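An overview of the molecular structure
Chain by chain, the residues run as shown.
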Amino acid sequence: MFLENTVNAKEQFGWIEVICGSMFSGKTEELIRRLKRAQFANQRVEIFKPDIDVRYGGNRVVSHDANEILSTPVPSPSNIPLLADGCDVVGIDEAQFFDDEIVGVCNSLANKGVRVIVAGLDMDFKGNPFGPMPSLMATAEYVTKVHAVCTRTGNLAQFSFRKGNNDALVLLGEVNEYEPLSRAAFYKAMCGEKAQDKKGNRSAAVNSKNKKA
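Below: a short report on this structure. Note that this is a predicted model, so its numbers are computed, not measured. (Residues numbered from 1 in each chain as written. Predicted model: local features only at pLDDT ≥ 70, side-chain atom pairs only at ≥ 80, totals over all residues. Heavy atoms only, no water.)

Topic: the sheet that holds strand E7 (residues 115-121)
One open sheet holds the six strands; their spatial order is E5-E2-E6-E7-E1-E8, and the pairing between them is parallel. Strands at the two margins of the open sheet, each flanked by one partner only, are strand E5 (72-74) and strand E8 (142-146). Put simply, the sheet's adjacent strands are angled 20 degrees from each other on average, direction ignored. Pairing geometry for strand E2 (residues 45-50) and strand E6 (residues 89-92), over four bridges, is parallel. Residue pairing across strands places Ile47 opposite Gly91, the latter belonging to E6. Lying on the sheet, helix H1 (residues 27-40) is in contact with strand E1 (15-21), E2, E6, E7 and E8; it crosses E7 at an angle near 165 degrees. (Pairing = 2+ DSSP bridges. Helix = DSSP H or I, 4+ residues; strand = E, 2+ residues; numbered from the N terminus. Axes fitted to C-alpha atoms, helices over the stretch in contact; angles between N-to-C directions. Contact = heavy atoms within 4.5 Å.)

This is how it looks when you write it as C-alpha cells:
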C-alpha cells in the first residue's frame with residue numbers, strides 16, 4: 001500500500017504520484033482512497049478529469065466499485081492551474097485522454113508545492129503506450145502499477161483487450177467493451193483477431209472475383 005510522503009516544511013516543493021494499469025485494475029479506486037485521506041486531514045483538494053468522460057455524470061470520478069468523489073471536468077490541461085489555485089493536493093483521473101500539455105501542468109504544480117496524484121491507463125487497447133502517460137511516469141517521484149485479474153487465465157492482467165471491431169483509439173466503455181488480459185491471453189487474442197481479419201480479406205477477395213466472373 002502506498003504511504004504518503006513526509007512533508008518537509010523547509011522544502012517548498014510538491015511531487016507527482018502516478019497510478020497506472022489496465023482497465024478494472026483499481027486505478028481510480030486507489031486515486032479516490034488517497035484523495036479522501038487528504039480531505040480527512042483537512043487539506044485543500046481538487047480533482048479533475050477530461051470532459052469527454054461522461055460515463056458517470058459530469059462532476060464525479062467514480063470507480064468500478066461505485067466509490068466516488070466530486071470532480072471538475074475540464075476540456076484541456078490548461079484549465080487546471082487556475083482552478084487548482086490554493087490547493088494542497090490535486091487529483092487527475094483518466095490522464096491518458098489529455099494531450100502532452102498535462103505533463104507540463106503537473107510539473108508546474110509540483111514545483112509550486114502541490115502534491116499531484118495522476119491516474120490513467122498506461123497502454124491502449126493495442127498494447128501501446130497511451131498518450132502522455134509514459135512522460136508522466138518518467139517525471140513522477142512515485143509510480144504505482146496496479147493489476148487486474150485476467151478473465152481467461154486468472155493470472156495478473158496488465159492489458160485492456162477491446163471486444164468488437166471498433167478501431168478508434170478513444171472508446172469509453174466498461175465490461176461490455178473491454179476485458180483485462182494477461183500477456184499470454186492478450187497475445188493469443190490479438191493473434192486470433194489478425195487471423196480473422198486475414199480470413200475476412202480472403203473471403204472478400206473471392207466474392208469480388210466471383211462477381212466479376
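Structure's up, so let's keep going.
Looking at helix H3 (residues 101-111)
Turning to H3, its buried residues are Ile102, Val103, Val105, Cys106, Leu109 and Ala110. One side of H3 carries all its buried residues, which in axial view fall inside an arc of 165 degrees. Residues of H3 that are buried in the fold lie against E1, helix H2 (80-83), E6, E7 and helix H4 (133-139). After H3 finishes, the residue Gly113 shows a positive phi value of roughly 100 degrees. (Buried < 20%, exposed > 50% of the residue type's maximum accessible area, 1.4 Å probe, protein only. Arc of directions from axis to C-beta.)

Focus on the packing of aromatic side chains
By the definition in use, this model includes three aromatic pairs. For the pair Phe159 and Phe186, a centre-to-centre distance of 4.4 Å together with 10 degrees between the ring planes defines the contact as stacked. Here Phe159, found in strand E11 (residues 159-162), pairs with Phe186, found in helix H5 (residues 183-212); they are 27 residues apart in sequence, far enough to count as distant. Taken as a pair, Phe159 and Phe186 share a single burial class, namely buried. When the centroid spacing of 6.4 Å and the interplanar angle of 80 degrees are considered together, the rings of Phe161 and Phe186 count as edge-to-face. Here the residue Phe161 occupies a position in strand E11, and Phe186 occupies one in helix H5, the gap between them amounting to 25 residues. Neither Phe161 nor Phe186 differs from the other in exposure class; each is buried. Within the aromatic cluster, the residues linked to one another by ring pairs are Phe159, Phe161 and Phe186. When the ring centre of Phe125 is taken as reference, the NZ or CZ atom of Arg162 above it lies at 3.7 Å. (Phe/Tyr/Trp six-rings, centres within 6.5 Å; stacked < 30°, edge-to-face > 60°. Lys NZ or Arg CZ within 6 Å of the ring centre and 35° of its normal.)

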